[in-house]
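Spelled out, the chains give:
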Amino acid sequence: MACVVAAAIAAIVAEAFRAPGERMPIGPLGAIGLIGAAVASFLLWDHHAVSFGVVSADNYALFVTFILIAVGLLSLALAGPVIERQGLPVGEYYALLLFSLGGMILMAMATDLIVIFLALEVLSIGVYVLTGIRRDSPASVEAAFKYFLLGAFASAFFLYGIAFTYGVTGSTRLDRIGTVIAAQAMSPSPMQLLAMGLLFVGFAFKVAAVPFHMWTPDAYEGAPPSVTGFMSTGVKAAAFAAFARVFLSALAPMHGEWSHVVWVIAAMTMILGTVVGVAQTSVKRMLAYSSIAHSGYLLVALLSANSSGKSAILFYLATYALTNLGAFGVIGLLEQRDAANDQLTDYAGLWYTQPVLAALMTVFLLSLGGFPPFGGFIAKWFIFTSAIEAGQTWLAIIGVLTSVVSVFFYLRVIVQMYMTSSTAPLRLPPVPLVAGVALVASAIGVLYLGVLPAQVIDWAAASIGTIF
Amino acid sequence: MPTLNDYLMLSGILFAIGTAGVFVRRNIITVLLSVEIMLNAVNLSFVAFGRQMGYADGQIIVFFVMTVAAAEAAVGLAIVIALFRHRESLNPDTFTMLKW
């Protein structure tokens, strides 16, 4: 029976894919599909449905699915004005968005390395095209090319890692790999270390951790802002879900080997993300570096890997998804057909011309910076306490220091909005209703996660506690 | 009779050639080809491992990988065409619009 319900999810998600081509209100259709998927996942909660032994709808996967569905709904709502203004192909946009969302959900549920690889490709190929969907803009196409090239390069490494894992353990299923590695008395062979390293490189590319982050600022700046919001949150959530599943279940017996590497990478990611972020003048690029830094915080939680660290990953992903989508949604509304309006100076005096947008942007930026009473504060606090509990005091110190530095560049935008007057104020069309509602909803979500986090934290702890 | 090690060695060499190609070549079509070489090097090691262990999994996985590689190549070439329309050049060093 469980399999049937799992197949029902797949069918509902597939139903959402069928939207393209028709001259219909495609966005709402996709939204209906996503709500259907949400209902199905709600019904599946606590069932531990497994199909073919390679796709598992356990509570952990379902929690990530809920985050991804929220990301999908908000992206659909925020995409409308951008598509209209830029004259983008509507059907293709929504179809690609839903396809890659399907890939993300599959990635969260996959328990087999090959299925993870396939899901990774499904989501990446959709996002490559979405990045370059503004074909008349050289920047957009260039961003797509850079993202595509590095993405394909990284997935080759990831696949090579799978091949070696398969060679060493004789299987690509995570549970069997885990058993084989745990049963080993000796220290891991060089080939096993190589396999683990290659898998790590593949994941690090997708979550934009530091030596592998070069594509991030370019891709985030070149893509239309609605796409950037989608890929900075959705891809990161899905990649981290699979990352945590692989490294905390199958490769958990090798924790001693990978923890040093993750330590260094987490520290570098946090430091470089914030330091370079300070130097940016484009708000989009600044948020790209901030998203690199946020990957670093998530890596800290992954490294701590105690019970609070694990639920901190999920809580952080949820908060980050809402906040970043909101911030890029505002950027998307400020953009105009022939001007990106994403420089810091473009935000001067926004409070006087667009008080609501400025207020919403303030909420999102403060949450990203980790101010109470917003969700970002609780999420960061949670990660740093779990790091200290796990004995990673230095990492926690670096994390706190870098988030203090990062507050500088978030506040700079806010100062521009409230305290400077603009010489040439932006003239913007009125904000479309759907996008406005979506922004307000995500702002309320951020506040809710900040003020009353207990419920969501309990869910996160319960969902991750069932599998690792 | 080549052994598993010979196949792995060959696959490692092919992978290294592909990686070097991505960094060294100054034509984006060749760079895409290099990525394909990397994927096929991986395919070779999957087949070799599968054969060694006597399972068919390795060969089956290769079919999936080939499908993915084809899809990737299609998207990649489409992006290259879109890029060429703007730049009239295939040299990746000229794509410097987005920096820092």
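Summary of the structure given here. Per chain, the residues get numbers from 1 upward, laid out in the order the sequence is written. Lettering for chains starts from A, numbering for ligands starts from 1, and both go in the order in which the items are written. For this predicted model, a pLDDT threshold of at least 70 governs which residues receive local features, and a threshold of 80 or more governs which side-chain atom pairs are given and counted, while totals over whole chains, interfaces and linings are taken from all residues.

## A few points about the overall build of chain A
In step 1: Strands are runs of DSSP state E lasting at least two residues, helices are runs of H or I lasting at least four, and both sets are numbered from the N terminus onward. For chain A, the count of helices and strands is 19 helices and two strands.
In step 2: Here chain A holds 468 residues, and 62% of them are scored as buried.
In step 3: Two residues qualify as being in contact provided that their C-beta atoms, derived from the backbone, are within 7 Å of each other. Taking the contacts inside chain A whose residues are at least 6 apart along the sequence as the reference set, 81% of them involve residues at least 24 apart. Neighbour counting defines burial: a residue surrounded by 20 or more other C-beta atoms within 10 Å of its own C-beta is buried, one with 12 or fewer is exposed, and intermediate counts give partly exposed, using backbone-placed C-beta atoms.

## Things to note about the overall build of chain B
In step 1: Per the secondary structure count, chain B includes three helices and zero strands.
In step 2: The N-to-C order of helical and strand elements in chain B reads α-α-α.
In step 3: Taken over C-alpha atoms, the radius of gyration comes to 17 Å for chain B, far larger than the 13 Å a tight globule of 100 residues would show.
In step 4: Each principal axis of the C-alpha atoms in chain B carries an extent, and together these give about 50 × 25 × 25 Å.
In step 5: Classification of the 100 residues of chain B by burial places 31% in the buried group.
In step 6: A separation threshold of at least 6 residues defines the contact pool for chain B, and within that pool the share at least 24 residues apart is 49%. Only C-alpha atoms enter the radius of gyration; for comparison, a globular chain is expected to reach 2.2 Å times N to the power 0.38, where N is the number of residues.

## Some words on the environment of A:F243
All names here are of chain A.
In step 1: Structurally, the position occupied by F243 is in helix α10 (residues 225–250).
In step 2: Along the sequence, F243 and G296 sit 53 residues apart, while their C-alpha atoms lie 13 Å from each other.
In step 3: With residues near it in sequence (within four places) discarded, F243 still touches F203, V207 and L302.

## Some words on the nonpolar core
Residues and elements named next belong to chain A.
In step 1: Residues L68, M107, A108, A238 and Y316 are the most contacted members of the largest nonpolar core, which totals 205 residues.
In step 2: Of all the elements, helix α6 (residues 138–169) adds the most residues to this core, at 20 residues.
In step 3: Contact partners of Y316, with chain neighbours within four places excluded, come to Y297, L298, A301, A379 and I383. We call a set of buried Ala, Val, Leu, Ile, Met, Phe, Trp, Tyr and Cys residues a nonpolar core when their C-beta atoms link them within 7 Å.

## Concerning the interface of chain B and chain A
In step 1: Taken together, the contacts link 27 residues of chain B with 29 residues of chain A.
In step 2: In terms of residues, the side of chain B that touches chain A owes the most to one element, helix α3 (residues 57–87) of chain B, which gives 13 residues.
In step 3: Amino acids are sorted into nonpolar (Ala, Val, Leu, Ile, Met, Phe, Trp, Tyr, Cys and Pro), charged (Asp, Glu, Lys and Arg) and polar (every other residue, Gly among them). Split into classes, the residues belonging to the side of chain B that touches chain A amount to 23 nonpolar, three polar and one charged.

## Remarks on the packing of helix α3 (residues 59–86) of chain A against helix α19 (residues 454–465) of chain A
Residues and elements named next belong to chain A.
In step 1: Close contact between α3 and α19 brings their axes to 7 Å; oriented N to C, the two are set at 140 degrees. Overall, the two elements α3 and α19 adopt an arrangement that is oblique. Contacts between α3 and α19 involve N59, Y60, L62 and F63 on the former and, on the latter, W459, A460, A462, S463 and I464.
In step 2: Looking at the contact of α3 with α19, its residues break down into seven nonpolar, two polar and no charged. Inter-axis angles, ranging from 0 to 180 degrees, are taken between N-to-C directions of lines fitted to C-alpha atoms, where helices are fitted over the stretch in contact. Any angle from 65 to 115 degrees is called roughly perpendicular, while one under 35 is roughly parallel, one over 145 is roughly antiparallel, and all others are oblique.

## As for unusual backbone geometry
Residues and elements named next belong to chain A.
In step 1: The peptide bond linking P372 to P373 adopts the cis configuration, its omega dihedral lying at 5 degrees.
In step 2: If you trace the backbone, P373 turns up in the loop between α15 (355–369) and α16 (375–389).
In step 3: Phi angles above zero are rare outside glycine, and A208 is one such case at about 60 degrees.
In step 4: Here A208 lies in the loop between α8 (190–207) and α9 (215–222).

## Points about α6(A)
Residue and element names in this part refer to chain A.
In step 1: Here a helix's expected span is defined as the number of its residues, less one, multiplied by 1.5 Å. Under the 1.5 Å per step criterion, the end-to-end length of α6 is 46 Å for 32 residues, consistent within 8% with the ideal 46 Å.
In step 2: Of all 32 residues that make up α6, 28 are buried, and the element is covered over most of its length.
In step 3: Trailing α6 by a residue or two, G170 shows a phi angle of about 80 degrees, which is positive.

## A short note on helix α2 (residues 28–53) of chain B
In step 1: End to end, α2(B) covers 38 Å across 26 residues, agreeing with the expected 38 Å (1.5 Å per residue, within 8%).
In step 2: Where α2(B) ends, the next residue or the one after it, B:G54, has phi of about 80 degrees, a positive value.

## Focus on the packing of α10(A) against helix α12 (residues 283–304) of chain A
Between two packed helices, both the angle of their axes relative to each other and the distance between the axes serve to describe the pair.
Residue and element names in this part refer to chain A.
In step 1: One can describe the packing of α10 onto α12 by two numbers: an axis separation of 12 Å at closest approach and a directional angle of 15 degrees. Judged by the angle between their axes, α10 and α12 are roughly parallel. The two elements α10 and α12 cross, and the hand of that crossing is right-handed. The segment α10 lies against α12, with P225, T228, S232, K236, F240, F243, A244 and F247 engaging K284, S291, S295, L298 and L302.
In step 2: When the residues that make up the contact of α10 with α12 are grouped by side-chain class, the tally is seven nonpolar, four polar and two charged. Put simply, a crossing is left-handed when the front helix is turned counterclockwise from the back one by less than a right angle, and right-handed when it is turned clockwise.

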